Amino acid sequence: MRISVVGAGYVGLVTGACLAKLGNEVTLIDIDEKRVEEVNNKISPICEEGLGELLNSAHIEASSNFQKITDSEVIFICVGTPCADGEFILLEQVEKASKEVGQVLRAKRGYCVVCVKSTVVPGATEEIIIPALEESGRKAGKDFGICMSPEFLREGRAVYDFMNPARIIVGEYDGRSGSILLKLYRSFNAPILRTNLKTAEMIKLASNTFLAAKISLINEIGNICKHLGIDVYEVAEGMGLDERIGSKFLNAGVGFGGSCLPKDLMMLIGSAKKVGYAPQILEQVLNLNEAQALRLVELLRKNLPLKGAAIGVLGLAFKPGTDDIRESRAIKIVEALLQEGAAVKAYDPIAVENFKKLFPQIEYGTKEEVLNSDAVLIITEWDEFNELNYKGKIVIDGRRIPRAREARIYEGICW
Ligand code: UDX
């Protein structure tokens, strides 16, 4: 099929590259000329396993010109939905992209389906995206189809996740729209759920909120276990044997970050408040996550005075396998350390350049140099941190790195 993808970020690049690999003709549209050039030169603009090879092998073209996509059968909207001041979710990019796509629809003769993949608040496709598309004079359901099919891609595993989905959710304006989209997914062996547009939007937010809640819950249990002298990892193992609970996402630690979990949680909280419902669990999931980061600093403070101390930080990415620092716990922790008057030296295998943009004032060094600080905090569970020699050091561990226990003074965040 002829496919186009508007927005060449994480979701758009992976969606486009994977659909091209599956034999479709794909055009990526992005306003960032540098990104367009990189894709056309077969260079992956993001660090994502397998994406570089896909861009090299598959039929995919990038452009900043919407006129290039007038013959598309399916147009995906994958632009960002950034968060302002950690509170409001901005749907401006989605609205703008929808208006541009509307102009494409105006110039088009045949029927095509517009599929929203950007994560949006429930109701946004109906209330914002369809009206923006219809500004062109074309009518949803008559002149074009609409679907909302959320992505569930983990960073670092996004290509794998796209090719091996656990489920496919197709929110459809009408049956015709959904049936066309499903033609694209026919090679996948995954359960498919067809719903209305709003439900699909909610499934995405509810899924990530559930994962976030699972992490905050095990972190809270871990905090209690630490006081009681119980190993929360053993507790989690026992809990996970119940298949209703499951063993995944029960790693207690310094909390969750990334571009999705915190933001999706905030989106759902915002949506609830907008309809006059005050969410209780959701607010606490977020509060606990914020407090968990500061807990690491508190434990450190118990072991040495922070003013004037040289503190090493191991791990800046929000999780291993990525250079992404969005909502990384390291940001909050480094901010707190600086506020307390500590001198920070940090190391991460690939996220230093991104972190430097936020914190140009701190020092960066090799992991051995960072280990030579007065005390060390472990914030990301990179495998290589398990190969360091921690003997003689003071270590406060937020991610349960086994070898770190050899430190002279060792304390785990919830163990
Ligand atoms: C997440 C979802 O998993 C994915 O389905 C979605 O569509 C996008 O958001 P991602 O942001 O890549 O993916 O990260 P994920 O692997 O889910 O981890 C999120 C955060 O939770 C990380 O900071 C990680 O360190 C933390 N985490 C995860 C824990 O603290 N404990 C756990 O047990 C699992």
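The structure this text deals with has already been given above.
Throughout this description, residue numbers start from 1 for each chain and increase along the sequence as written. In keeping with the predicted nature of the model, local features appear solely for residues at pLDDT of at least 70, side-chain atom pairs appear and are counted solely at 80 or more, and the whole-chain, interface and lining totals rest on all residues. Each side-chain value is worked out from all heavy atoms of the structure, with water and hydrogens disregarded.

Draft legend 1. Representation of the overall build of the chain. Per the convention used, a helix needs a DSSP run of H or I reaching at least four residues, while a strand needs a run of E reaching at least two, with both numbered from the N terminus. In terms of regular secondary structure, the chain is built from 14 helices and 16 strands. For the chain, whose C-alpha radius of gyration is 23 Å, the value lies close to the compact-globule estimate of 22 Å for 415 residues. Projecting the C-alpha coordinates of the chain onto the three principal axes gives extents of approximately 70 × 45 × 35 Å. When a residue's accessible area, from a 1.4 Å probe over protein chains only, is under 20% of the maximum for its type it is buried; when over 50% it is exposed; and in between it is partly exposed. Of all 415 residues assigned to the chain, the portion counted as buried reaches 54%. Any pair of residues with heavy atoms lying within 4.5 Å of one another is described as a contacting pair. Counting contacts in the chain only where the partners sit at least 6 residues apart, residues at least 24 apart contribute 68% of the total. Every radius of gyration here is taken over C-alpha atoms, with the globule rule written as 2.2 Å times N^0.38, N being the number of residues.

Draft legend 2. Region of interest: the side chain of Asp30. Within the element layout of this structure, Asp30 appears in the loop between β2 (25–29) and α2 (33–40). A polar contact of 2.9 Å, which involves the side chain of Asp30, links it to the backbone nitrogen of Asp32. Contact partners of Asp30, with chain neighbours within four places excluded, come to Gly7, Ala8, Gly9, Arg35, Val36, Ser63 and Ser64. Pairing of N or O atoms within 3.5 Å defines a polar contact, subject to two protein rules: one partner must be a possible hydrogen donor and the other a possible acceptor, and residues neighboring in sequence count only if both atoms are side-chain atoms.

Draft legend 3. Quick look at the environment of Gln339. As for its placement among the helices and strands, Gln339 is situated in helix α12 (residues 329–339). On a C-alpha basis, the gap between Gln339 and Lys307 in space is 9.1 Å, while along the polypeptide they are 32 residues apart.

Draft legend 4. Expanded view of the site of the ligand. Lining the immediate environment of the ligand, one finds 20 residues, of which Glu155, Asn251, Cys260, Phe318 and Lys319 sit closest. In this structure, an oxygen atom belonging to the ligand sits 2.9 Å away from a main-chain N or O atom of Asn251. The separation between an oxygen atom of the ligand and a polar main-chain atom of Phe318 is 2.8 Å. Considering every element that reaches the shell around the ligand, the biggest residue donor is helix α8 (residues 197–228), with four residues. Gly is placed with the polar residues, together with every amino acid not listed as nonpolar (Ala, Val, Leu, Ile, Met, Phe, Trp, Tyr, Cys and Pro) or charged (Asp, Glu, Lys and Arg). Considering only residue class, the shell around the ligand consists of ten nonpolar, four polar and six charged. Residue proximity to a molecule or strand is established when one non-hydrogen atom of the residue lies within 4 Å of it.

Draft legend 5. Focus on the sheet that holds strand β13 (residues 363–364). Taken in spatial order, the six strands line up as β13-β12-β11-β14-β15-β16 in an open sheet, and their pairing is parallel. Each edge of the open sheet carries a strand with a single partner, namely β13 and β16 (409–412). Pairing between two strands requires that DSSP report at least two bridges joining them. Pairing of strand β15 (residues 394–397) with β16 involves four bridges; the strand directions are parallel. Its bridge partner being in β16, Ile396 is matched across the sheet by Glu411. Think of each axis as a best-fit line through the C-alpha atoms, taken over the contacting stretch in the case of a helix, with angles from 0 to 180 degrees between the N-to-C directions. Against the sheet, helix α11 (residues 281–303) engages β11 (310–314), β14 (375–378), β15 and β16, with an angle of about 160° to β15.

Draft legend 6. Molecular detail of the sheet that holds strand β8 (residues 144–148). Strand order in this open sheet of eight strands is β3-β2-β1-β4-β7-β8-β9-β10, and the pairing throughout is mixed. Edge positions in the sheet fall to β3 (60–63) and β10 (192–195), since each of these pairs with one other strand and no more. Across this sheet, the average inter-strand angle for adjacent strands is 25°, counted without regard to direction. In the sheet, strand β1 (residues 2–6) pairs with strand β4 (residues 74–77) via four bridges, with the strands oriented parallel. Each bridged residue has a counterpart across the sheet, and for Val6 the counterpart in β4 is Ile77.

Draft legend 7. Quick peek at the packing of aromatic side chains. Working definition: a ring pair exists when centres of Phe, Tyr or Trp rings (six-membered ring for Trp) sit within 6.5 Å. Plane angles under 30 degrees give stacked, over 60 give edge-to-face, the rest tilted. One pass over the structure, following the stated rule, counts five aromatic pairs. Look at Phe162 and Phe188: their rings are 6.0 Å apart centre to centre, the planes differ by 75°, and that puts the pair in the edge-to-face class. Here the residue Phe162 occupies a position in helix α6 (residues 158–163), and Phe188 occupies one in the loop between α7 (175–184) and β10, the gap between them amounting to 26 residues. The exposure class assigned to Phe188 is buried, which follows from its relative accessible area of 10%.

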